Amino acid sequence: MKKLSLIASLTILAALSGCDLAPKYQKAAVPTPAAYKEIDGWKVAQPQDSASHGNWWEIFSDQQLNALEDQVNTNNQTIAIAAANFLAARAVVKQARAQFYPTISSSPVINYSRQPFFGAGGSGVTTGGGTGSGGTGGNTTVFASGTFAIYELPFDASWQPDFWGKVRNNIRANVYAAQASAADLENVRLTAQAELAVDYFQLRVQDAQKKLLDDTVKAFQDSYDIAKERFQAGLDSDEDVAQAETQLETAQAQDTDLGILRAQFEHAIALLLGKSASEYSMPQQPLDAHPPLIPVSVPSELLERRPDIAEAERTVAQANSQIGVARAAYYPNITLSASAGLESTSISSWFTWPSRFFSVGPSASETIFDFGSRKGAVEQARANYDRTVANYRQTVLIAFQQVEDNLAALRILNDEVQQQDTAVRSSDRNLKLANDRYRAGIDPYLNVITAQTTLLTNQRVALTLREEQMTRSVQLIEALGGRWNTSQLPSPAQIQGKQSSSSTNPTQHR
């Protein structure tokens, strides 16, 4: 009979331990278009494109950029901060898992005490006694004192079985939070990599602008020298010389001004590389690159490729588990506690069998009235879940917007660059004609100045458009998630240390 009772009790405990008060988690539905509106003219990614995991910046075929990106992955301090945040989140999971097991503590005590002792007879001070006139016989009262020592070695254990799933849901919530932190690390890494590539191409465009203005200053110097010689020969007026000189000095000032922005890009790159701006410099190298052909996958794959979307989705899962934690407060807390140890008044008999003591027993506590505190906690958890769902959907919508923005920008820029290149060629032809007519004495020098200014303006605009093309190409790759996907997130088993995570550890630089 006792065996049947024990089996029944264990069965009930097992059933209770399987109780889960959190809602069954399902990914929130998000509106996903069948195709990008701006996809016309773009290469559609093949399965092998989306499955490949490599260095996305290698698509630009720039060895110096490759070397810089490797340094960002190793030395960038923002990435290091995010990596530390992930490790801290993973440590919280270990703390939460400890709640599955009993807490055992010990507090040894050696206590000495001295107190008076009152008794009759024996040694001590005797008062009264004898007989006498009118006297009576007296009792002997003994006054004594003693010193006592108590030696205790207790061990206390307490354990709260996870009947209502509070511990399990708390662990799940922390696991999901750690996964969200891992996704945030990847998002920080992608942002730093993209920012470096943008700064790198912008710096190279500044070098191209510098080369253009250096050549322009040289050409304007030649024009100034010609105007001066013609004035000295009586062929031109001093006004032509003044105009040529003004144009030359303006171009020189513009050439000098380029140094400010280039220095700022150089300093920004140093920061991304984790280096001091005072000790870092890059040699001048004009941009000599064209935007690559970037494969674009279907919109539904974006949900698996963007680390910020993965972070938002894992945050939703965390909030879902927190509902279970809040609902568990409606049920009683059952604690199993036990105490055992040794206690003696003599150190010589402290560790003997008769000095042992123990106690064991369960206890339960239940809140009867809390005036809506638990209900408010559950409502708060549900509202927080709704907030994370809305944030997840907003993150997805922003991701689609960013992809469409950059697809549209690159499509329009491609046409604009071609048109601007045509304008540069026309401006160059116009300048040659203006020079010929000026030297032939047909047109004034002002026509030459106008043609030179127009050519320079068109050339600088062309470089700016190419800078925008390279920048938008990087931003499109970033909007598509680089070459990351959710399969690279550490699994719950890996976060809890149940499975090796060496191959997918997000703190590894890549």
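Note that the structure is predicted; figures quoted are calculated from it, not measured.

### Structural notes on the overall build of the protein
Thinking step 1. Along the backbone of the protein there are 11 helices and 5 strands.
Thinking step 2. Taken over 510 residues, the protein has a buried fraction of 40%.
Thinking step 3. Put simply, the protein shows about 28,200 Å² of open surface, and 55% of that area lies on carbon and sulfur atoms.

### Looking at the side chain of arginine 305
Thinking step 1. With respect to the secondary-structure elements, arginine 305 resides in helix H7 (residues 302-305).
Thinking step 2. This buried residue, arginine 305, is left without a salt bridge; glutamate 301 holds the nearest opposite charge, at 4.9 Å.
Thinking step 3. Among residues more than four places away in sequence, those in contact with arginine 305 are Ser297, Leu480, Gly481, Gly482, Arg483, Trp484 and Asn485.

### What to know about the packing of helix H8 (residues 307-327) against helix H9 (residues 373-439)
Thinking step 1. Direction vectors running N to C along H8 and H9 enclose 170°, while the axes themselves pass 9 Å from each other. In terms of orientation, H8 lies roughly antiparallel with respect to H9.
Thinking step 2. By residue class, the composition of the contact of H8 with H9 is 14 nonpolar, 7 polar and 4 charged.

### Focus: the nonpolar core
Thinking step 1. Core analysis: the biggest nonpolar cluster contains 61 residues, and Tyr36, Trp56 and Phe201 have the highest contact counts within it.
Thinking step 2. Secondary structure elements with two or more residues in this core: helix H3 (63-75), helix H4 (77-97), helix H5 (166-232), helix H6 (238-272), H7, H8, H9 and helix H10 (445-479).
Thinking step 3. Counting residues per element, this core draws most heavily on H5, which supplies 12 residues.
Thinking step 4. The contact partners of tryptophan 56, leaving out residues within four places of it in the chain, are Glu69, Leu190, Gln193, Ala194, Ala197, Val474, Ile477, Gly482 and Arg483.
Thinking step 5. In terms of nonpolar packing, the next biggest core, distinct from the first, is built from 18 residues, Phe220, Tyr438, Val448 and Ala451 among them.

### Some remarks on the pattern of salt bridges
Thinking step 1. Going through the model one piece at a time under the given rule, you end up with 15 salt bridges.
Thinking step 2. Three or more residues are tied together by salt bridges with common partners; here these are Arg204, Asp207, Arg262 and Glu266.

### What about the packing of aromatic side chains?
Ring pairs (aromatic) are described by centroid distance and by the angle formed between their planes.
Thinking step 1. The full count for this structure, using the stated rule, is 5 aromatic pairs.
Thinking step 2. Arranged with centres 5.5 Å apart and planes meeting at 80°, the rings of tryptophan 56 and tryptophan 57 form a pair that is edge-to-face.
Thinking step 3. Here tryptophan 56 falls in the buried class, since its relative accessible area comes to 5%.
Thinking step 4. Since its relative accessible area comes to 2%, tryptophan 57 is described here as buried.
Thinking step 5. Each ring, one from tyrosine 200 and one from phenylalanine 201, has its centre 5.5 Å from the other, and the planes form 65°; the classification is edge-to-face.
Thinking step 6. When its relative accessible area of 1% is taken as the criterion, tyrosine 200 is described as buried.
Thinking step 7. The cationic tip of arginine 230 hangs over the ring face of tyrosine 438; the distance from NZ or CZ to the ring centre is 4.8 Å.

Reading the values: rules and limits
Residues numbered from 1 in each chain as written. Predicted model: local features only at pLDDT ≥ 70, side-chain atom pairs only at ≥ 80, totals over all residues. Heavy atoms only, no water. Helix = DSSP H or I, 4+ residues; strand = E, 2+ residues; numbered from the N terminus. Buried < 20%, exposed > 50% of the residue type's maximum accessible area, 1.4 Å probe, protein only. Areas by Shrake-Rupley, 256 points an atom, 1.4 Å probe, with all protein chains shown as cover. Lys, Arg positive; Asp, Glu negative; His and termini not counted. Salt bridge = Lys/Arg side-chain N within 4 Å of Asp/Glu carboxyl O. Contact = heavy atoms within 4.5 Å. Axes fitted to C-alpha atoms, helices over the stretch in contact; angles between N-to-C directions. Parallel < 35°, antiparallel > 145°, perpendicular 65-115°, else oblique. Nonpolar A, V, L, I, M, F, W, Y, C, P; charged D, E, K, R; others polar. Core = buried A, V, L, I, M, F, W, Y, C linked by side-chain atoms within 4.5 Å. Phe/Tyr/Trp six-rings, centres within 6.5 Å; stacked < 30°, edge-to-face > 60°. Lys NZ or Arg CZ within 6 Å of the ring centre and 35° of its normal.

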